[in-house]
Amino acid sequence: MAARLLLLFIIAPIVELFLLVKIGGIIGVVPTIALVLLTAIIGSQLVRRQGMGVMNRIREAQAHGEAPALPMLDGAALLLAGFFLLTPGFISDALGFLLLIPKLRQRLARAMLSRFVILTPGSGGFGRGPFGGADDGTIEGEYQRKSDRSDRPGPDNRLDRDD
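The rules behind these values
Residues numbered from 1 in each chain as written. Predicted model: local features only at pLDDT ≥ 70, side-chain atom pairs only at ≥ 80, totals over all residues. Heavy atoms only, no water. 1 Å grid on protein atoms, 1.4 Å probe; cavity = no way out; pocket = protein on both sides within 12 Å on 5 of 7 lines; lining within 4 Å. Points joined across faces, edges and corners; volume = space filled by probe spheres on them. Helix = DSSP H or I, 4+ residues; strand = E, 2+ residues; numbered from the N terminus. Nonpolar A, V, L, I, M, F, W, Y, C, P; charged D, E, K, R; others polar. Buried < 20%, exposed > 50% of the residue type's maximum accessible area, 1.4 Å probe, protein only. Arc of directions from axis to C-beta. Contact = heavy atoms within 4.5 Å. Core = buried A, V, L, I, M, F, W, Y, C linked by side-chain atoms within 4.5 Å. Phe/Tyr/Trp six-rings, centres within 6.5 Å; stacked < 30°, edge-to-face > 60°. Expected span 1.5 Å × (residues − 1). Bend = angle between axes of the 7 residues up to and from the residue. Polar contact = N/O pair within 3.5 Å; in protein donor to acceptor, adjacent residues only side chain to side chain. Axes fitted to C-alpha atoms, helices over the stretch in contact; angles between N-to-C directions. Parallel < 35°, antiparallel > 145°, perpendicular 65-115°, else oblique. Left-handed = near helix turned anticlockwise from the far one by under 90°.

Chemist: I'd like to hear about the layout of surface pockets, residue by residue, with values.
Modeler: Of the voids in this model, the largest pocket is the one considered here, and its volume is about 330 Å³. Lining the largest pocket are 13 residues, and of these Leu 8, Ala 12, Phe 83, Phe 84 and Thr 87 sit closest to its centre. Of all the secondary structure elements, the ones that give two or more residues to the lining of the largest pocket are α1 (2–27), α3 (69–86) and α4 (90–98). Ranked by residue count, the leading element in the lining of the largest pocket is α1, at six residues. Residue composition of the lining of the largest pocket, by class: ten nonpolar, two polar and one charged.

The structure is reproduced here in C-alpha cells:
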C-alpha cells in the first residue's frame, strides 16, 4: 500500500513534469500550455455531457425500484475522468480520456461490482438463503383466535372482513 501511495504522490507528478518539459522543448512553451488548456476544456465538456446521461440513468433505475449501482459507479468513473482531465499533464489526460469511453467505464464498473456483495432491501440482511429471503419457508400472514365461538360450527365461526 505504501508503495502505491509513493507512486501516486511522488513519481507520477515527476513523470508528468518531465513529459511537459520534454514536449514543451519540442513544440514550444505556448503550444504546450495551449494543449494542456485545450484538453481541460474539451474534457470538462465531455464529462459534463456524459454526466447528465449518467444522472438520467440513476433516476430511471430509482424510478423502477432498482439499485442504481452500475450508474453510480459509472458516475464515479466520470468524476475520476474529470479530475484527470483537469490535472495538467499528458499521462493524466490520456487516463481521463480513456475513462470517457462508456464501454470501458461499464466494464470497470462491472468488475468492481463483482468484488462486492450487494444486499437488497427486504432480504433480511443476508440475501436469499437459510437465514432470510425467500428460501426459508416462512409464510407471513395474519390470524385471529376467537375462543368463545370456535367450538360451534356455523357462520359465527368464520373470520369476516369486519372482524
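Chemist: Which residues make up α4, and what values do they have?
Modeler: Given 3.6 residues per helical turn, the α-helix brings residues three or four places apart onto the same face. Of the residues making up α4, those classed as buried are Phe 90, Ser 92, Asp 93 and Gly 96. End-on, the buried residues of α4 take up no more than an arc of 155°, which puts them together on one face. Along its buried surface, α4 packs onto α1, α2 (29–63) and α3.

Chemist: I'd love a proper account of the nonpolar core, names of residues and values included.
Modeler: Membership of the largest hydrophobic core is limited to nine residues, which are Val 47, Val 54, Ile 58, Leu 78, Ala 81, Phe 84, Leu 85, Leu 99 and Leu 100. Looking at this core, the elements that each hand over two or more residues are α2 and α3. Filtering out sequence-adjacent residues up to four positions away, Leu 100 remains in contact with Gly 43, Leu 46, Val 47, Gln 50, Leu 78, Ala 81, Leu 85 and Arg 105.

Chemist: Any chance you could break down the packing of aromatic side chains for me, citing the residues and the numbers?
Modeler: Inspection of the entire model under this criterion finds one aromatic pair. Here Phe 83 and Phe 84 contribute two aromatic rings whose centre-to-centre distance is 6.1 Å and whose plane-to-plane angle is 50°, an arrangement assigned as tilted.

Chemist: Break down α1 for me, with residues and values.
Modeler: For α1, spanning 26 residues, the distance from its first C-alpha to its last is 37 Å, which sits close to the expected 38 Å at 1.5 Å a residue. For α1, the principal kink sits at Ile 11 and spans about 35°; a proline, Pro 13, occurs within the next four residues. Taken together, the buried positions of α1 are occupied by Glu 16, Leu 20 and Gly 24. Against the buried residues of α1 lie α2 and α4. Two residues or fewer after α1 comes Gly 28, characterised by a positive phi angle close to 105°.

Chemist: Give me the lowdown on the side chain of Arg 105, citing residues and values where you can.
Modeler: When you line up the elements, Arg 105 lands in helix α5 (residues 102–113). Assessed through its relative accessible area of 3%, Arg 105 is described here as buried. At 3.2 Å, the side chain of Arg 105 and the backbone oxygen of Leu 100 are in polar contact. Arg 105 has contacts with Gln 50, Asp 74, Ala 77, Leu 78, Leu 99 and Leu 100, leaving out every residue within four places of it along the chain.

Chemist: Go over the packing of α3 against α5, please, and point to the residues and values.
Modeler: Interhelical geometry of α3 versus α5 gives an angle of 120° and a closest axis separation of 9 Å. Judged by the angle between their axes, α3 and α5 are oblique. Where α3 crosses over α5, the handedness of that crossing is right-handed. Facing Ala 69, Leu 70, Leu 73, Asp 74, Ala 77 and Leu 78 of α3, the residues of α5 in contact are Arg 105, Ala 109, Arg 110, Met 112 and Leu 113. Along the lines of polarity and charge, the residues of the contact of α3 with α5 split into eight nonpolar, no polar and three charged.

Treat this as a map of the structure, not an account of what it does.
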